[in-house]
Amino acid sequence: MTNARRSGPDLTESIKRTTLELGQELGYAKLSIEAIAARAGVGKHTIYRRWPSKGALLLDSLLSLNEPGLDYPDTGDVLADLRQQIHEAVDLLTAAPLRPLFQALVGEAQHDPGVAAALNERFIAPQADKTVARLRTARDQGQLSPDFDLDLAMAILSGPLYFRLLITQEPLTHEYVDRTLDALFTGMGPRA
């Protein structure tokens, strides 16, 4: 099948795959709709019919990598479940060739309200909702203090991770996640 005859889901997936490949090769700053269109063998209008901006296209491309994952297990041990899920998120966000693209996407969200809204709606809010739901279940089972603020717990869990990923750009490791969880659970656990 030639590029001119591709349509629908196959064409969309080809464009997203091309976006990630070129983004890794060139970096976000040098990535352009024109270069993506040329590499994918489509016209710019084909891309702009699906995505209003380079940032929106990058968001879709990156989120397509995460479609099946980042759901919480429920083993009955909230700390183990959080550890497993956050390790998976860290592995996704810090994969060597993709980390700069995730960082660039968050940066783009600071300048493009459409990208910011879509990032929040499609990634940040759903992950926060899953985390709060898992913490609520743990609280209801007596694994957490009954008066602990679950939304605050979510912010405390994610803050150090995003701080390292985006601000200090220090390594975001499983060991760091474990230290963060241990510190949080010291204050979040049920009181005797």
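Chains are numbered independently. Their residues run from 1 in the order of the written sequence. With the structure being a predicted model, the display of local features is reserved for residues of pLDDT at least 70 and the display and counting of side-chain atom pairs for 80 or more, all residues being used for whole-chain, interface and lining totals. In computing side-chain values, all of the structure's heavy atoms are included and hydrogens and water are not.

Chemist: Is there a simple way to think about the overall build of the protein chain in this case?
Modeler: If you tally the helices and strands in the protein chain, you get nine helices and zero strands. Ordered by position in the sequence, the α and β elements of the protein chain form the string α-α-α-α-α-α-α-α-α. Its C-alpha atoms give the protein chain principal-axis dimensions of roughly 65 × 30 × 25 Å. Think of it in three bands: with a 1.4 Å probe and only protein chains considered, a residue is buried below 20% of the maximum accessible area for its type, exposed above 50%, and partly exposed in between. Out of the 192 residues in the protein chain, the part that is buried amounts to 44%. Throughout, a contact is declared for two residues whenever any of their heavy atoms are within 4.5 Å. Considering only residue pairs separated by 6 or more positions, the protein chain has 65% of its internal contacts joining residues 24 or more positions apart. Accessible surface, the protein chain as shown: approximately 9900 Å² in total, 55% of it carbon and sulfur. Only four residue types enter the charge count: Lys and Arg as positive, Asp and Glu as negative, with His and the chain ends excluded. Note that the charge is assigned to NZ on lysines, CZ on arginines, CG on aspartates and CD on glutamates. Looking at charge distribution, the protein chain has the averaged site of its 20 positive side-chain charges lying 8 Å from that of its 25 negative ones. A run of H or I in DSSP becomes a helix once it reaches four residues, and a run of E becomes a strand once it reaches two; helices and strands are each numbered from the N terminus. Computed with a 1.4 Å probe, the accessible areas rest on the Shrake-Rupley method; for each residue, only the protein chains presented here act as cover.

Chemist: Whenever I open this one, the pattern of salt bridges confuses me. Can you help?
Modeler: Pairing is possible between side chains that carry opposite charge, provided their charged atoms lie close to one another. We define a salt bridge as a side-chain nitrogen of Lys or Arg found within 4 Å of a carboxyl oxygen belonging to Asp or Glu. Enumeration over the complete set of coordinates arrives at ten salt bridges. One salt bridge in this structure joins E34 and K44, with 3.5 Å as the shortest N-O distance. Remark: K44 occurs in helix 3 (residues 44-50) and E34 occurs in helix 2 (residues 33-40); sequence separation between them is ten residues. Of the residues examined, E34 reaches a relative accessible area of 43% and is grouped as partly exposed. Overall, the relative accessible area of 39% leaves K44 in the partly exposed class. Close ionic contact of E175 with R179 constitutes a salt bridge, the shortest N to O distance being 3.5 Å.

Chemist: Teacher, can you tell me more about the packing of aromatic side chains here?
Modeler: Two descriptors summarise a pair of aromatic rings, namely the distance from one centre to the other and the angle between the planes of the rings. Between the rings of Phe, Tyr and Trp (Trp by its six-membered ring), a pair exists once the centres lie within 6.5 Å; its type follows the angle of the planes, with under 30 degrees stacked, over 60 edge-to-face, and the other angles tilted. Using the criterion set out here, one finds zero aromatic pairs in the structure. A ring is considered to have a charge above it if a Lys NZ or an Arg CZ atom is located within 6 Å of its centre and within 35 degrees of its normal. Here the basic side chain of K54 rests over the ring of Y28, its NZ or CZ set 4.0 Å away from the ring centre. The ring of Y176 has R164 sitting right over it, with the charged end atom 3.8 Å from the ring centre.

Chemist: I would appreciate a short explanation of unusual backbone geometry in the present structure.
Modeler: In most cases, non-glycine residues show a negative phi, while peptide bonds are predominantly trans. Located in the positive-phi region is Q169, a residue other than glycine, with phi close to 55 degrees. Structurally, Q169 is set in the loop between helix 8 (150-168) and helix 9 (174-188).

Chemist: In this structure, what is going on with the side chain of K16? I would like to understand it.
Modeler: The residue K16 is located in helix 1 (residues 8-26) in this model. For K16, a relative accessible area of 11% translates into the label buried. When near neighbours in sequence (up to four residues on either side) are disregarded, K16 contacts W51, L57, D60, S61 and S64.

Chemist: Sorry, what's going on with helix 6 (residues 99-109) here?
Modeler: Each turn of an α-helix holds 3.6 residues, which means side chains three or four residues apart point in the same direction. R99, L101, F102, Q103, A104, L105 and A109 are the residues of helix 6 that are buried. Residues of helix 6 that are buried sit in contact with helix 1, helix 4 (54-63), helix 5 (78-94), helix 7 (113-140) and helix 8.

Chemist: What is the right way to read the nonpolar core from this model?
Modeler: A general trend in soluble globular proteins is that nonpolar side chains are found buried together. Counting residues in hydrophobic clusters, the biggest one holds 53 residues, and the most contacted among them are I15, I47, L62, L82, I86 and L135. Mapped onto this core, the elements with two or more residues apiece are helix 1, helix 2, helix 4, helix 5, helix 6, helix 7, helix 8 and helix 9. Looking at which element gives the most residues to this core, the answer is helix 7, with seven residues. Residue contacts for I86: discarding those within four places in its chain leaves Y72, L157, L161, V177 and L181. Among buried residues, the Ala, Val, Leu, Ile, Met, Phe, Trp, Tyr and Cys ones that are joined through side-chain atoms within 4.5 Å form a nonpolar core.

Chemist: Help me understand the environment of L135 in this model?
Modeler: By the element assignment, L135 lies in helix 7. L135 sits in the buried class, given a relative accessible area of 0%.

Chemist: Even after reading the chapter, I still don't get the environment of L93, so can you show me in this structure?
Modeler: Relative to the helices and strands, L93 is located in helix 5. For L93, a relative accessible area of 11% corresponds to the buried category. Each residue touching L93, except ones within four places of it in the same chain, is listed here: R99, F102 and L165.

Chemist: How should the confidence of the model for the protein chain be read in this particular structure?
Modeler: Confidence of the predictor at the level of single residues is captured by pLDDT, which takes values from 0 to 100. Per-residue confidence for the protein chain gives a mean pLDDT of 87, with 91% of residues at or over 70. Mean pLDDT across the secondary structure elements of the protein chain bottoms out at helix 9, with 87, and peaks at helix 2, with 96.

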